[in-house]
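Descriptive analysis of the structure
So you can see what is in the structure, the chains are spelled out below.
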Amino acid sequence: MTVGHGTPRAEIGVIGGSGLYTLADDVVEVRVETPYGPPSDALFVGEVAGRRVAFLPRHGRGHSLPPHRINYRANLWALHSLGVRQVLGPCAVGGLRPQFGPGTLLVPDQFVDRTSGRVQTFYDGLPLPDGTVPGVVHVSAADPYCPAGRRASLDAAAGAAWDPVDGGTLVVIEGPRFSTRAESRWYADNGWSVVGMTGHPEAVLARELGLCYTSIALVTDLDAGVESGEGVTHAEVLEVFARNVERLRTVLFKAVELLPAVRACPCGHALDGLTTGLPGVPGD
Ligand code: ADE
């Protein structure tokens, strides 16, 4: 189905990694076109715990997109255009402390951007295909994650007997290679908690559309600076993610249920007083 009259709407979005393509059984596949090009894949829209949810495979079906090739703007825009206002972003990360070993679930409260060259704004002064020109907008990223989404995710994990780590800094690297031991030790020495490749610019683009965004980080490995073996391998990441995917799904289902029906967090006010120039932004 492509977007048009009768397109299913959703209030919650989940941008997920491998093994989380579909959250519910009765999903409708919706192809969304955006002014920024195609999203990573079709959106799968269905119902979870009585809530309308749109699921988007971040890397595309078959994991064909590396982190630096993901069209993050198209992904967030597509979700927003279906009505999504709260986004959960589960992702695989490496642990930067010995106690954050494989299987740890961490809900970060900060990130550090170590990517390079990724487009990280909707407000870049360039006209859209329809001729509209976005204004110049500087949103606050001081607290990049939604407090209500973080609370819901932490409670959901605790309810699934998965003692989550509350807070910490996710350092986002450009990839696709993993970090050298020196880089990894440097991240750890800075006090950062986990390292991944997809958390940025997802969170700030969500903020620029007035969306709530919560990162849910599943540790799949100890990063090179804290382990003493051969270093991280992609096979290890995929294997640990696959081993934890069922309980991650359980946490996501529960988090969806716990997300507030009416937003009382500051996220929807990120654009207050600003002229975005973008159609439908801010939305209600
Ligand atoms: N994703 C999973 N493990 C990772 C690591 N060690 N570094 C960067 N991204 C990752």
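Residues numbered from 1 in each chain as written. Predicted model: local features only at pLDDT ≥ 70, side-chain atom pairs only at ≥ 80, totals over all residues. Heavy atoms only, no water.

Stated precisely, the cut-off is as follows: UniProt positions are given in the numbering used here, feature names are shortened, and annotations may be inferred rather than shown by experiment.
In the annotation of an unreviewed UniProt entry, the chain is listed under the name Purine nucleoside phosphorylase and assigned to Kitasatospora paracochleata. The chain has a UniProt comment under Function (unreviewed entry) that states "Purine nucleoside phosphorylase involved in purine salvage."

As for the overall build of the chain
Note the cut-off: Counting from the N terminus, the helices are the DSSP runs of H or I reaching at least four residues and the strands are the DSSP runs of E reaching at least two. Both definitions apply: the radius of gyration is a C-alpha atom measure, and the globule rule equals 2.2 Å times residues to the power 0.38. Residue burial is assigned from relative accessible area. The probe radius is 1.4 Å, only protein chains are included, and a residue is buried under 20% of its type maximum, exposed over 50%, and partly exposed in between.
In terms of regular secondary structure, the chain is built from five helices and 11 strands. A compact globule built from 284 residues should have a C-alpha radius of gyration of about 19 Å, and the chain, at 18 Å, falls within 12% of that. Expressed along its principal axes, the backbone C-alpha trace of the chain runs to roughly 55 × 40 × 35 Å. Taken across its 284 residues, the chain has 54% of its residues classed as buried.

Describing the site of the ligand
Selection criterion: Near, as used in this document, describes a residue that has one of its heavy atoms within 4 Å of the molecule or strand being considered. Polar contacts, as counted here, are pairs of nitrogen or oxygen atoms within 3.5 Å of one another; within protein the pair requires one atom able to donate a hydrogen and one able to accept it, and residues that are adjacent in sequence qualify only if both atoms are side-chain atoms. With residues, only the protein chains shown are counted as cover, and all accessible areas are computed by Shrake-Rupley using a 1.4 Å probe. As defined here, a cavity is a set of points on a 1 Å grid over the protein atoms alone where a 1.4 Å probe fits but cannot get out. A pocket is an open set with protein on both sides within 12 Å along at least five of seven lines, and residues line them when an atom is within 4 Å of a point. Whether a molecule sits in a cavity or pocket is decided by its atoms, more than half of which must lie within 2 Å of the grid points. Nonpolar residues are Ala, Val, Leu, Ile, Met, Phe, Trp, Tyr, Cys and Pro. Charged residues are Asp, Glu, Lys and Arg, and all others, Gly as well, are polar.
Of all residues adjacent to the ligand, which total 13 residues, the nearest are A92, G94, T220, D221 and D223. One of the backbone nitrogen or oxygen atoms of A92 is found 3.3 Å away from a nitrogen atom of the ligand. At 2.6 Å from a nitrogen atom of the ligand is found a side-chain nitrogen or oxygen belonging to D221. Compared with its free state, where it exposes 270 Å², the ligand has 96% of that area covered by protein. If you map the ligand onto the pockets, it falls in the largest pocket. Breaking the shell around the ligand down by element, the ones donating at least two residues are β5 (86-95), β10 (194-196) and β11 (212-222). A per-element tally of the shell around the ligand places β5 first, with three residues. Taken together, the residues of the shell around the ligand break down into eight nonpolar, three polar and two charged.

Focus on the packing of helix α1 (residues 72-81) against helix α4 (residues 199-208)
Put simply, the test is: Only the stretch in contact is used when fitting a helix axis, every axis being a line fitted to C-alpha atoms; angles between N-to-C directions are given from 0 to 180 degrees. Roughly parallel covers angles under 35 degrees, roughly antiparallel covers those over 145, roughly perpendicular covers 65 to 115, and oblique covers all other angles. Working rule for handedness: look at the near helix, and if it is turned counterclockwise from the far one by less than a right angle, call the crossing left-handed; if clockwise, right-handed. Pairs of residues are marked as contacts when any of their non-hydrogen atoms sit within 4.5 Å.
As a packed pair, α1 and α4 sit with axes 9 Å apart at the nearest point and diverge in direction by 40 degrees. The angle between α1 and α4 falls in the class oblique. In the packing of α1 onto α4, the handedness of the crossing is right-handed. Contacts between α1 and α4 involve Y72, R73 and L76 from the former and H200, P201, E202, L205 and A206 from the latter. Of the residues in the contact of α1 with α4, the class split is five nonpolar, one polar and two charged.

Quick word on the side chain of T121
With respect to the helices and strands, T121 occurs in the loop between β7 (110-114) and α2 (147-159). Within polar-contact distance, the side chain of T121 engages the side chain of E208 at 2.7 Å. Not counting residues within four places of it along the chain, the set of residues in contact with T121 comprises R73, L205 and E208.

Quick notes on the environment of R150
Mapped onto the elements of the fold, R150 is located in helix α2. Between the C-alpha atom of R150 and that of C212, which follows or precedes it by 62 residues, the distance is 9.9 Å. For R150, the contacting residues outside a window of four places in its chain are V107, P108, D109, Y145, D166, G167 and T214. There is a polar contact of 2.9 Å between the side chain of R150 and the backbone oxygen of V107.

A word on the pairing of strand β1 (residues 12-16)
To keep it simple, the criterion reads: By definition, two strands form a pair when at least two bridges between them are found by DSSP.
Of all five residues in β1, five are buried; the element is thus mostly enclosed. Burial along β1 is two-sided: I12, V14 and G16 and G13 and I15, pointing in opposite directions, are all buried. Summarising the sheet, β1 and β5 pair through three bridges and their orientation is parallel. Looking at the pairing, I12 lines up with Q86 of β5.

Considerations on unusual backbone geometry
G175 connects to P176 through a cis peptide bond whose omega is 0 degrees. Its location among the elements puts P176 in the loop between β9 (169-173) and α3 (181-189). Residues H200 and P201 are joined by a peptide bond in cis, for which omega reads 10 degrees. Assignment of secondary structure puts P201 in helix α4. One non-glycine residue, A49, lies in positive phi territory at about 50 degrees. Take A49: it is sitting in the loop between β3 (43-48) and β4 (51-57). With a relative accessible area of 42%, A49 lands in the partly exposed category. Although it is not a glycine, H63 adopts a positive phi angle of roughly 50 degrees. Looking at the element boundaries, H63 is found in the loop between β4 and α1.

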